[in-house]
Every structure is written in C-alpha cells, then in structure tokens.
Amino acid sequence: MLINDTNVKSFRMTKVFRENTERINACDFNKNGDLLISSSDDDSIVVYDCEAGLPKRPIPSKKYGCDMIRFTRSGEQALHCSMKVDDSIRYLSLSDSKYIRYYTGHTKKVRSLAVSPIDKSFLSASADRTVRVWDLRSALCQGLIITPGNPVVDYDPDGLAFGVGIDSQIIGLYDIRNHEKGPFEMLKYECEGEFEWTHLKFSPDGKMILVSTNTSLILLVDAFSGVLLHTFTGHQNTKNVPLEASFSPDSKYVFCGSTDGRIHVWRTVDGEKLTTFTTDNSSDCIQCVQFNPKSFMLATASANMVFWLPPVDDD
C-alpha cells in the first residue's frame, strides 16, 4: 500500500494487547518488520509476531528491569538498558531468553541506545554525560565521548556517521571511523521554553534529523545544512514524558503520541498536521509510536500495545 495522505488517514485500531501491567517504555520493529519487541516498567519484555498478530511468551527481567529495548541487526537478539541494580546494557538472545553479554561503564541511567545498520557496533548515551561506542562481540568499550550535557544518539541510515544531541541545544555529527577526533559538524539550536531532548532520530532517507523532547515540542532539522525545518506542536504532554516521535519509512510523515490518548501525524515537506488518531482511553499516555519498516502498519504503546492497520477491503 502506498504511503500517502489518504492512506495514512485511514489507520484504525485493529488489535489491542494487554500483556503488561505497567507502562511500555520502548518498542522496536526488526528490519524485516515481522517482529516487534517491547520493554515495560513491569520488568518484562514481549515479542510480537506482526504477521500472525499475536504476542509470544513474555521474557522476564525482574532483577535489572528493562528500558530502551532495541533489536540487533540480525533480529535474533536484543539490547536493553537496566533500570535497577546498575546502569549496564544487556545483550539478550531471544531464542532461549538467555543473556549473552553485559556492557558496563556508564555510571548513570542510559538515556539512548542505537544499533548500527551495517555492522555489530552500537552506541549508548547516558545521564553520566558520556557516549560510548561498543562492539556486540566484546564487553569492552570501543570508544568514549565526554559531553558537556545529557546526550542522545542515533546512527545515520548508512551507518557511516552518527549524531549526538548534547545538552538540549547542540547536535554534533561524527564520522564513525574517526569519532575520537571529535565532530565534523556542530549544529546549535535555540528554542524558547524549558525542555529536554529525549530522542534523536535520522530519517530513513538520511536527509533529516528528528528531535523529541519531554514537552509538546518536536524539532525537524536538515541533516546536511543544519537548518531547523519545522517544529511540531499541539500534542499534549502535561506529564513531561519522553514521548518518542518517529518517521514513516518514506520519511514523508512524523508520528507522535501524547498524554491524552491521541496520536498526531505531521507532513515533513511542509510541517503541517495531517491528522490525529484517538484511542479508546483519553487517559492513555502514548509514549512510543513506530511505523513498520516493511508493511503498512503502525504500533503504539502505552500500558497496552496497539496495532493500527487500514480498513480491510471486502471486495
């Protein structure tokens, strides 16, 4: 199905999964789009079969908790950060629910995880004001960047560069092969109001960077010139939640949840709001919204996971 205004407006709630007893704090599709994984404040990880529309058995993480869940590139493992005991990152085999490796070094909560689209490296950013570069095959940190403020990170879609959002006002762009030399570009932004950057994402076409905040403000930046293209507002965030906005696979739309059970959609070409979807519960805090990379399907997460699909044509 084509991703256009008409079809995006046609999304409907199709399945609601009540697998969790507390907030789902992160979710992620694998690159093939046939699986979705989530982590929750109830210390459980759930994998969903997107083709069957069914959840698989939950994976408990009671001792350390789980947040910022991400599939690895193979889709057979996942990474997540800890919420209890320590600030380690944990590498989980999904086939047998056993941990393969732990990555230690951060001394405060990990705020951001990004997995390389081309190799076995990944990035982590922490409230200890450091960004670390890792290789899945080694528990030893491969690179360290000290930042002057709280960072968030993401790889560009080619995996050759990465961006670091620093202190909610600067984006540093780094060459993955020469990150120790510092950023090759520094972009600075000044916006009115008090807010904290909570997520940074490159668009799938690599031309834009999306910055989510803990308020009802989202920034869209040109990844090459650094120009602030648009600000997206109007979604409720009265609880200062780290709402995670995301792109459609064609980079033409941005989706974000809210604290009043609504999902908002904007066009990237002109910054105009296209539509708003509403869940059954106005008290739902929709923290995560993800568009399936391979099929016309949306996943939104509050305390429940919801799959959104267009209406079925009976003809």
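Placed above this text is the structure.
Residues numbered from 1 in each chain as written. Predicted model: local features only at pLDDT ≥ 70, side-chain atom pairs only at ≥ 80, totals over all residues. Heavy atoms only, no water.

1. Points about the overall build of the protein chain
Item 1. What the protein chain contains, in helices and strands, is one helix and 29 strands.
Item 2. Computed over its C-alpha atoms, the radius of gyration of the protein chain comes to 18 Å, within 12% of the 20 Å expected for a compact globule of 315 residues.
Item 3. Taking the principal axes of the C-alpha coordinates as reference, the protein chain spans close to 60 × 45 × 35 Å.
Item 4. In the protein chain, which comprises 315 residues, the proportion classed as buried is 58%.
Item 5. Summarising the internal contacts of the protein chain: among those between residues at least 6 apart in sequence, 43% fall at separations of at least 24.
Item 6. The averaged location of the 41 negative side-chain charges in the protein chain is 5 Å from the averaged location of its 34 positive side-chain charges. (Helix = DSSP H or I, 4+ residues; strand = E, 2+ residues; numbered from the N terminus. Rg over C-alpha atoms; globule rule 2.2 N^0.38 Å. Buried < 20%, exposed > 50% of the residue type's maximum accessible area, 1.4 Å probe, protein only. Contact = heavy atoms within 4.5 Å. Lys, Arg positive; Asp, Glu negative; His and termini not counted. Charge placed at Lys NZ, Arg CZ, Asp CG, Glu CD.)

2. Here's the deal with the sheet that holds strand β14 (residues 143–146)
Item 1. Strand order in the open sheet formed by four strands is β11-β12-β13-β14, and the pairing between neighbours is antiparallel. In the strand order of this sheet, the two ends are held by β11 (110–115) and β14, each with one partner. Going across the sheet, the axis of each strand differs from the next one's by a mean of 15°, ignoring polarity.
Item 2. Pairing analysis gives four bridges linking strand β13 (residues 130–135) to β14, with the strands arranged antiparallel. What sits directly across from V131, in β14, is I145. (Pairing = 2+ DSSP bridges. Axes fitted to C-alpha atoms, helices over the stretch in contact; angles between N-to-C directions.)

3. Some details on unusual backbone geometry
The phi torsion of most residues other than glycine is negative, and most of the peptide bonds are trans.
Item 1. With a phi angle near 55°, M68 is a residue other than glycine that sits in the positive phi range.
Item 2. With respect to the element layout, M68 can be found in strand β7 (residues 67–71).
Item 3. Taking relative accessible area as the criterion, M68 reaches 8% and is therefore assigned buried.
Item 4. Of note, the phi angle at N240 is positive, near 50°, even though the residue is not glycine.
Item 5. With respect to the helices, strands and loops of the structure, N240 is situated in the loop between β22 (228–233) and β23 (246–247).

4. Re the state of the cysteines
Item 1. Applying the stated criterion across every chain yields a total of zero disulfides.
Item 2. This cysteine, C191, is not joined by any disulfide, and C256 carries the nearest cysteine sulfur, 16 Å off.
Item 3. Judged by its relative accessible area of 25%, C191 is partly exposed. (Disulfide = S-S within 2.5 Å.)

5. A look at the sheet that holds strand β9 (residues 89–93)
Item 1. Read from one edge to the other, the open sheet built from four strands follows the order β7-β8-β9-β10, with strand pairing classed as antiparallel. The sheet terminates laterally at β7 and β10 (98–103), the two strands that pair on one side only. The average undirected angle you get between the axes of adjacent strands in this sheet is 20°.
Item 2. Strand direction decides the pairing type here: strand β8 (residues 77–81) and β9, joined by five bridges, are antiparallel. From the neighbouring strand, H80 faces β9, where its bridge partner is R90.

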